[in-house]
Amino acid sequence: KDQSFWRSCSLQVQRLMRAASVEDLALFTEAAAQSSFRDDELMYNMGDEVVARLGDLSTDTLAVVLRTHALLRFRNDRVVVRLQEALFEQMQRSRATAPGLSSSLLSLARLSAAGLAPAPPRELLQAAGRMVGEHLTFFSGPQLCEVVEAYAELRLRGDRATSAL
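Remember, it's a predicted structure, so these values are computed and weren't measured experimentally.

Asks: Please explain unusual backbone geometry as it appears in this structure.
Replies: Trans is the common state for peptide bonds, and a negative phi is the common state for residues other than glycine. Residue Arg73 is not a glycine yet carries a positive backbone phi of 55°. Tracing the backbone through its elements, the reader meets Arg73 in the loop between helix H4 (59-72) and helix H5 (77-92). A relative accessible area of 52% means that Arg73 is categorised as exposed. The phi angle at Ser94 is positive, at roughly 60°, despite the residue not being glycine. With respect to the secondary-structure elements, Ser94 resides in the loop between H5 and helix H6 (98-113).

Okay, here's the thing in structure tokens:
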């Protein structure tokens, strides 16, 4: 948990950011955040890089970026909104994975509940509920718990997909 170590790593990552894969950037920021290191400059630069390369983003990598934002309680509405849009597009193209979807939903819910991001669009939440319901066997018990927890955080009740979960 040496802050000077993480700071020097952060500076090096920012120098190499354009050459690194989006997945590597996301994994580095998550590891740093899990070590209680926060570098707003790194987060803003990583957010810019992620948005610039949304087409290269898998649902699992998208989930890591959102999880890092939630872990650090980091507000960046522009990035979060673009990630919500990317998640919705991936679901529409059947490219979303169960772990990526469940983790993304929980992170979005936590960010929203903390007032750090706009609530996920209703269309995204309804589509996610339908996807989970239709592909239930792809989700593990803990992943289903993440989805239910996300919907509870967002206080979603009343629609069929939510009730079915």
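Asks: Please explain the packing of aromatic side chains as it appears in this structure.
Replies: Both the distance between ring centres and the angle between the ring planes are used here to describe each pair of aromatic rings. In total, this model carries three aromatic pairs according to the counting rule given. When the centroid spacing of 5.7 Å and the interplanar angle of 50° are considered together, the rings of Trp6 and Phe28 count as tilted. A residue pair is termed long-range when its members are at least 10 positions apart, and Trp6 in helix H1 (residues 3-16) and Phe28 in helix H2 (residues 22-34) qualify at 22 residues. With a relative accessible area of 15%, Phe28 lands in the buried category. Their ring planes at 65° and their centres at 4.9 Å tell us that Tyr44 and Phe74 sit as a pair that is edge-to-face. You can see Tyr44 sitting in helix H3 (residues 40-52) and its partner Phe74 sitting in the loop between H4 and H5, a full 30 residues away along the chain.

Asks: Looking at this structure, how should I read the nonpolar core?
Replies: In this structure, Val50, Leu83, Met91, Leu101 and Leu105 are the most contacted members of the largest nonpolar core, which totals 52 residues. Listed by contribution, the elements that provide at least two residues to this core are H1, H2, H3, H4, H5, H6, helix H7 (122-134) and helix H8 (141-153). The biggest single contributor to this core is H6, with seven residues. Setting aside residues no more than four positions away along its own chain, Val50 makes contact with Val22, Leu57, Val65 and Leu83.

Asks: Even after reading the chapter, I still don't get the pattern of salt bridges, so can you show me in this structure?
Replies: Scanning all chains against the criterion turns up 11 salt bridges. Salt-bridge contacts for Arg38 lead to Asp40; the nearest nitrogen and oxygen are separated by 2.7 Å. Look at Asp40 and you get partly exposed, because its relative accessible area is 33%. Across the pair Glu89 and Arg93 runs a salt bridge, and its minimum N-O distance is 3.5 Å. Residue Arg93 is classed as exposed on the basis of its relative accessible area, which comes to 54%. Salt bridges sharing common partners tie together Arg7, Asp39 and Glu41.

Asks: I'm lost on H8 in this one. Help?
Replies: Turn by turn, an α-helix covers 3.6 residues, leaving residues three or four places apart pointing in a common direction. With 13 residues, H8 extends 18 Å between its outermost C-alpha atoms, agreeing within 8% with the 18 Å of an ideal straight helix rising 1.5 Å per residue. For H8, every residue scored as buried is listed here: Gln143, Val147, Ala150 and Tyr151. Down the axis, H8 shows its buried residues gathered within 95° of arc, on one side only. Across from the buried face of H8, at angles greater than 90 degrees, the exposed residues are Pro142 and Cys145. Positive phi appears at Arg155, one or two residues downstream of H8, with a value of about 55°.

Asks: I would appreciate a short explanation of the packing of H2 against H4 in the present structure.
Replies: When two helices pack together, their arrangement is given by the angle between the helix axes and by the axis-to-axis distance. One way to put it is that H2 packs onto H4 with a least axis distance of 9 Å and a crossing angle of 25°. Judged by the angle between their axes, H2 and H4 are roughly parallel. The two elements H2 and H4 cross, and the hand of that crossing is left-handed. Residue-level contacts link Val22, Glu23, Ala26, Leu27, Thr29, Glu30, Ala33 and Gln34 of H2 to Thr61, Val64, Val65, Arg67, Thr68, Leu71 and Leu72 of H4. Grouping the amino acids of the contact of H2 with H4 by side-chain chemistry returns eight nonpolar, four polar and three charged.

Definitions and limits used
Sequence positions are assigned chain by chain, starting from 1 and proceeding in written order. Note on the predicted model: pLDDT of at least 70 is required for a residue's local features to be given, and 80 or more for side-chain atom pairs to be given and counted; whole-chain, interface and lining totals, by contrast, use all residues. Only heavy atoms go into the side-chain values, all of them from the structure, while hydrogens and water stay out. The numbering of helices and of strands both runs from the N terminus, where a helix is a DSSP run of H or I of at least 4 residues and a strand a run of E of at least 2. Buried, partly exposed and exposed residues are distinguished by accessible area as a fraction of the type maximum, computed with a 1.4 Å probe on protein chains only: under 20%, between the cut-offs, and over 50%, respectively. Pairing of aromatic rings covers Phe, Tyr and the six-membered ring of Trp, with a centre-to-centre limit of 6.5 Å; geometry is then stacked below 30 degrees between planes, edge-to-face above 60, and tilted otherwise. Definition used in this section: a nonpolar core is a set of buried Ala, Val, Leu, Ile, Met, Phe, Trp, Tyr and Cys residues joined via side-chain atoms within 4.5 Å. Note on contacts: a residue pair qualifies if any of its non-hydrogen atoms lie within 4.5 Å across the two residues. Counted as salt bridges are all cases of a side-chain nitrogen of Lys or Arg within 4 Å of a carboxyl oxygen of Asp or Glu. Each residue after the first adds 1.5 Å to the expected span of a helix. This arc describes the spread of directions from the helix axis toward the C-beta atoms. Fitted lines through C-alpha atoms serve as axes, helices being fitted only where they are in contact, and the angles separating the N-to-C directions of these axes extend from 0 to 180 degrees. An angle below 35 degrees is read as roughly parallel, one above 145 as roughly antiparallel, one from 65 to 115 as roughly perpendicular, and any other as oblique. Put simply, a crossing is left-handed when the front helix is turned counterclockwise from the back one by less than a right angle, and right-handed when it is turned clockwise. The residue classification treats Ala, Val, Leu, Ile, Met, Phe, Trp, Tyr, Cys and Pro as nonpolar and Asp, Glu, Lys and Arg as charged. All others, Gly included, are polar.

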